[in-house]
Amino acid sequence: MSAKNTMSCKHLHLCIVSKQPTPNIVPLLDQHLQVDEVILIHTNSFKIQAQRLAKALQYYQIKSQLIPLSHYQTPAELREFFIQLVDTLLSENENIRLYANLTGGTKSMSLALYEVALMTESDGTHAYYMNTDDTLIWYLPKSKADSAPYDLEDRIKLTPFLIAHGWKPLTKPKGTDHPQWRPLTEQLLNHIEDWQQPLTQLNFIATNAKNKELRSKPPHPLNAPLKRLIDLLQDAGLLQLENNTVQFSDDDARFFCNGGWLEEAVFHALKQLSSKNRKIQDYAQGLEIQFDLSNTQNELDAVALVDNKLVIIECKTHNTKANPKILRDSLFKLGSLIENIGGVMARGLLISMHTPSKSDFKRAEQLQIPIIYGKQIAQLKTHLAKHL
């Protein structure tokens, strides 16, 4: 079998399933690696993770089969398990090439798999490892082992990425595209310091209009800045002001005025940045997701896949001085979402219309969550690019 015809042989990858799915799925999507089928080797405690991976791989028409690794514990037992598995695969398939992914599993498992890969190197077996910096290195064949690590292609999309991590999108990954409102959004961004106070008041009005009539009465007489803002929104067709009552044209308009304008601005900035930065492989706004083992649901204001890592973005336009808990709670929520949804390599980003408190800055630093805030929003795209 050492003289295989690589064009006609079956390329079969052996992956040990662990808590983190990214190192198992990302290399399989790189066009430099040929893939026909994947063997997902799992212990009893990681069977669900293996099923998730198999489901995610279906998005790319990659076949997979699950092989349990239940009672093998000593190095000798692990080695014997992999020897028998590889012997079975070689005997059942006339012309195959095996690829051993050494990234997942315990050290004992990956070492045992590597030993068996070495034993079958003459049959053309390859072995590779995915680093945390999104590069791949070859251990076998030895002709590749001295090569420098290379960047893996950024090909996975949001839906299969989330499925592999145990989350089901309830809405299609997309953004709310209102090109007719974009000039208004740009005006708000460019002069954010002038609009902060009236936008905060508008938030309150829009929140109270979350009813069947989409109608709300301002709690106080309109001051000059709020009146100018409402005039702008009337000219854009988002609302009408009659008899000191604000009537929103539809729920999209109400959402836009309730802070949705910042989410749309972030989505549009991601869209622009992705046209120049190929590492931004997918992005979405207002994405609703549900955990596959419970009814737990979350809505992500904005989210992006960058260099095969998830970036979750939380947008806040509320009055943080009136309610200091808002940013604190948002930071804790974001810190929890990052690892639960995207794994250990995921990152978070908070965008706040108002300047956070010193304690919020300290908390964000502890959680390693950058904040774009206040007048920085006027250069949203520039600051966003720095943190992706």
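Presented here is an overview of the structure given in this document. These numbers come from a predicted model, not from an experiment.

### Examining the overall build of the chain
When helices and strands are tallied, the chain shows 13 helices and 16 strands. Seen along its three principal axes, the alpha-carbon backbone of the chain occupies a region of about 85 × 40 × 35 Å. Relative to its 388 residues, the chain shows a buried fraction of 51%. Across the chain, every contact between residues at least 6 apart in sequence was considered, and the portion connecting residues at least 24 apart equals 67%. Total accessible area on the chain stands at roughly 18800 Å², and carbon and sulfur atoms take up 48% of it. Of the side chains in the chain, 42 bear a positive and 41 a negative charge, and the two mean positions are spaced by 5 Å.

### Observations concerning the layout of surface pockets
Looking at the largest pocket, its volume works out to about 740 Å³. The wall of the largest pocket is formed by 28 residues, among which Phe255, Glu263, Gly286, Glu299 and Asp301 lie closest to the centre. A per-element tally of the lining of the largest pocket places helix 10 (residues 251-274) first, with ten residues. Grouping the constituent residues of the lining of the largest pocket by class yields three nonpolar, eleven polar and 14 charged.

### What to know about the side chain of Thr135
Relative to the helices and strands, Thr135 resides in strand 6 (residues 135-140). Within the structure, the side chain of Thr135 is placed 2.5 Å from the side chain of Asp133, a separation counted as a polar contact. For Thr135, the residues in contact, after removing those within four places along its chain, are Tyr129, Met130, Pro149, Tyr150, Asp151 and Leu152.

### A word on the pattern of salt bridges
This structure, assessed with the given rule, holds eleven salt bridges. Residue Lys316 pairs with Glu314 through a salt bridge whose shortest N-O separation is 3.7 Å. The network of salt bridges with shared partners includes Lys279, Asp307 and Lys309.

### Details of the side chain of His126
Looking at the secondary structure, you find His126 in strand 5 (residues 126-130). At 2.8 Å, the side chain of His126 forms a polar contact with the backbone oxygen of Gly124. Those residues within four positions of His126 in sequence are excluded, and the remaining contacts are Arg97, Leu98, Tyr99, Ala100, Trp138, Leu140, Pro141 and Lys144.

### Regarding the environment of Gln84
Mapped onto the elements of the fold, Gln84 is located in helix 3 (residues 75-92). With relative accessibility at 43%, the residue Gln84 sits in the partly exposed group. Between the C-alpha atoms of Gln84 and Ile25, which are 59 residues apart in sequence, the distance is 24 Å.

### Considering the packing of helix 3 against helix 4 (residues 107-119)
In contact at an axis separation of 9 Å, helix 3 and helix 4 are set at 45° when each is read in the N-to-C sense. Classified by the interaxial angle, the pair formed by helix 3 and helix 4 is oblique. At the point where helix 3 passes helix 4, the crossing takes the right-handed sense. Contacts between helix 3 and helix 4 pair Leu78, Arg79, Phe82, Ile83 and Val86 from the former with Ser108, Met109, Ala112, Leu113, Glu115, Val116 and Met119 from the latter. Taken together, the residues that form the contact of helix 3 with helix 4 break down as nine nonpolar, one polar and two charged.

### Some thoughts on the sheet that holds strand 8 (residues 167-169)
As summarised here, the arrangement of the six strands in space is 8-12-13-14-15-16, forming an open sheet in which the pairing is mixed. With one partner strand each, in any of the chains shown, strand 8 and strand 16 (371-373) form the two edges of the open sheet. Averaged over all pairs of adjacent strands, the angle between their axes in this sheet comes to 35°, without regard to strand direction. When strand 15 (residues 347-352) meets strand 16, the two strands line up parallel, connected through three bridges.

### Comments concerning unusual backbone geometry
That bond from Leu140 to Pro141 is cis: its omega, 0°, falls within 30 degrees of zero. In this fold, Pro141 is placed in the loop between strand 6 and helix 5 (142-145). Phi is positive for Asn243, close to 55°, though the residue is something other than glycine. In this fold, Asn243 is placed in the loop between strand 10 (239-242) and strand 11 (245-248).

### Topic: the state of the cysteines
Any covalent bond linking the sulfur atoms of two cysteines counts as a disulfide. Inspection of every chain in the model, using the stated rule, returns zero disulfides. Unpaired in this structure, Cys257 has its nearest cysteine sulfur neighbour in Cys315, at a distance of 16 Å.

### Topic: the sheet that holds strand 11
On the basis of which strands lie adjacent, the open sheet formed by three strands has the order 9-11-10 and antiparallel pairing. Pairing within the sheet leaves two strands with one partner each, and these edge strands are strand 9 (215-216) and strand 10. In terms of strand pairing, strand 10 meets strand 11 through four bridges, oriented antiparallel. Each bridged residue has a counterpart across the sheet, and for Leu239 the counterpart in strand 11 is Phe248.

### Section: the pairing of strand 4 (residues 96-101)
Burial of strand 4 is extensive: six of the six residues sit out of reach of the surface. Residues of strand 4 alternate between two faces, with Ile96, Leu98 and Ala100 on one and Arg97, Tyr99 and Asn101 on the opposite face, all of them buried. Pairing geometry for strand 1 (residues 10-16) and strand 4, over six bridges, is parallel. Among the inter-strand pairings, Leu14 is bridged to a residue of strand 4, identified as Ala100. Direction of pairing for strand 4 relative to strand 5: parallel, over a ladder of three bridges. Residue Asn101 lies in a different strand from strand 5, and its bridge partner there is Tyr128. For the segment spanning strand 4, helix 4 and strand 5, crossover handedness is right-handed.

Calculation criteria
Residues numbered from 1 in each chain as written. Predicted model: local features only at pLDDT ≥ 70, side-chain atom pairs only at ≥ 80, totals over all residues. Heavy atoms only, no water. Helix = DSSP H or I, 4+ residues; strand = E, 2+ residues; numbered from the N terminus. Buried < 20%, exposed > 50% of the residue type's maximum accessible area, 1.4 Å probe, protein only. Contact = heavy atoms within 4.5 Å. Areas by Shrake-Rupley, 256 points an atom, 1.4 Å probe, with all protein chains shown as cover. Lys, Arg positive; Asp, Glu negative; His and termini not counted. Charge placed at Lys NZ, Arg CZ, Asp CG, Glu CD. 1 Å grid on protein atoms, 1.4 Å probe; cavity = no way out; pocket = protein on both sides within 12 Å on 5 of 7 lines; lining within 4 Å. Points joined across faces, edges and corners; volume = space filled by probe spheres on them. Nonpolar A, V, L, I, M, F, W, Y, C, P; charged D, E, K, R; others polar. Polar contact = N/O pair within 3.5 Å; in protein donor to acceptor, adjacent residues only side chain to side chain. Salt bridge = Lys/Arg side-chain N within 4 Å of Asp/Glu carboxyl O. Axes fitted to C-alpha atoms, helices over the stretch in contact; angles between N-to-C directions. Parallel < 35°, antiparallel > 145°, perpendicular 65-115°, else oblique. Left-handed = near helix turned anticlockwise from the far one by under 90°. Pairing = 2+ DSSP bridges. Disulfide = S-S within 2.5 Å. Right-handed = clockwise from strand over helix to strand, strands pointing away.

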